[in-house]
Amino acid sequence: MIGFYIKKNFFDGWDNFLSLIVFNLISYALLIGLFFLIGFFAETPVLFFSFLFIAIYLVTVFYFSMSILTAEIAHNKSVSILSLFKNIVFVWKDALFLSLLFLALFISATIALPFYYNLGGIFGLAMSGIIFWLILMTLLALQWFVPLSVEFKGGFFKTLKKSYLLLMDNGGFTFFLAIYSIVLFFLSALLAFFVPGLSGISLAQNNALKLRLYKYDWLEENPDIAQTKERKNIPWDELLAEDDEIIGQRSFKSLIFPWK
């Protein structure tokens, strides 16, 4: 399944190469602008955290909106650049709650965690350990949050619950997704962040959810298996057959010269 997942990400990205570049350029313009603005408030804690939240919210709204489009790419649909801005009206609310959670994680990592660690002793080490693992597990679970929100539109807390459930039921794949996203980031650095970039990571997350949902559709159709150890033996070749057929067999020449 992982091999096909990587393959699908690559071809989806290749087929929508220009769109992903445009998404990335817009996102970088936003990030650079916000970075310099935050610098003006660095010496005033109240203003700094206030503007930091605004910056996190703007980036989160943009990422949500972009995820709607990369989800369409994952489902083999065409996308419009203008929809990047039209989609904001649909995502602003969940993006607001998610931004508050990101801010809480930031404060926990930069203030609460160092405080308890420096406190020392059994209590301090225990609290710092608990906070560390809560932050790590939440970050891993949040990889599923935006794709789930885009796919099901179930509200913030319901989507957050589903994110943790996906993490617990797909721990290995969720960890792989995190490593894969880090690899995409470093690959982006080698390519001047044009690709894969944020849009490539967003596409990877949506493809991960799309393919993983096949597992739950199959388990729903086979309730007897769902309650046994056999639930781990998912027939991925069968479930991914249609997507594999859509991608087809492509040669290097067909990638470079698709019209031939």
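Our subject is the structure listed above.
Here is a short report on the structure shown in this document. (Residues numbered from 1 in each chain as written. Predicted model: local features only at pLDDT ≥ 70, side-chain atom pairs only at ≥ 80, totals over all residues. Heavy atoms only, no water.)

On to unusual backbone geometry. The omega torsion of the bond from Val195 to Pro196 falls at -10 degrees, within 30 degrees of zero and hence cis. Here Pro196 is to be found in the loop between helix 9 (171–190) and helix 10 (197–221). Phi at Asn76 is positive, roughly 65 degrees, even though this residue is not glycine. Tracing the chain through its elements places Asn76 in the loop between helix 3 (45–74) and helix 4 (83–86). Assessed through its relative accessible area of 39%, Asn76 is described here as partly exposed. Residues other than glycine seldom take positive phi values, yet Phe193 does so here, at roughly 65 degrees. Relative to the assigned elements, Phe193 resides in the loop between helix 9 and helix 10. Judged by its relative accessible area of 31%, Phe193 is partly exposed. (Helix = DSSP H or I, 4+ residues; strand = E, 2+ residues; numbered from the N terminus. Buried < 20%, exposed > 50% of the residue type's maximum accessible area, 1.4 Å probe, protein only.)

Before going further, it helps to spend a moment on the packing of helix 9 against helix 10. Closest axis-to-axis distance for the helix 9/helix 10 pair is 9 Å, and the angle between their directions is 160 degrees. One element, helix 9, and the other, helix 10, form an angle in the roughly antiparallel class. The two elements helix 9 and helix 10 cross, and the hand of that crossing is right-handed. Across from Phe173, Leu177, Tyr180, Ser181, Leu184 and Ser188 in helix 9, the residues of helix 10 making contact are Gly197, Gly200, Ile201, Ala204, Ala208 and Arg212. Of the residues belonging to the contact of helix 9 with helix 10, the class tally is 7 nonpolar, 4 polar and 1 charged. (Axes fitted to C-alpha atoms, helices over the stretch in contact; angles between N-to-C directions. Parallel < 35°, antiparallel > 145°, perpendicular 65-115°, else oblique. Left-handed = near helix turned anticlockwise from the far one by under 90°. Contact = heavy atoms within 4.5 Å. Nonpolar A, V, L, I, M, F, W, Y, C, P; charged D, E, K, R; others polar.)

A separate point is the environment of Asp94. Secondary-structure assignment places Asp94 in helix 5 (residues 88–119). The exposure class assigned to Asp94 is buried, which follows from its relative accessible area of 16%. In this structure the C-alpha to C-alpha distance between Asp94 and Glu242, which are 148 residues apart in sequence, comes to 32 Å. What Asp94 contacts, discounting residues up to four positions off in sequence, is Phe64, Ser149, Gly155 and Phe156. One polar contact links Asp94 to Ser149, side chain to side chain, over a distance of 3.1 Å. (Polar contact = N/O pair within 3.5 Å; in protein donor to acceptor, adjacent residues only side chain to side chain.)

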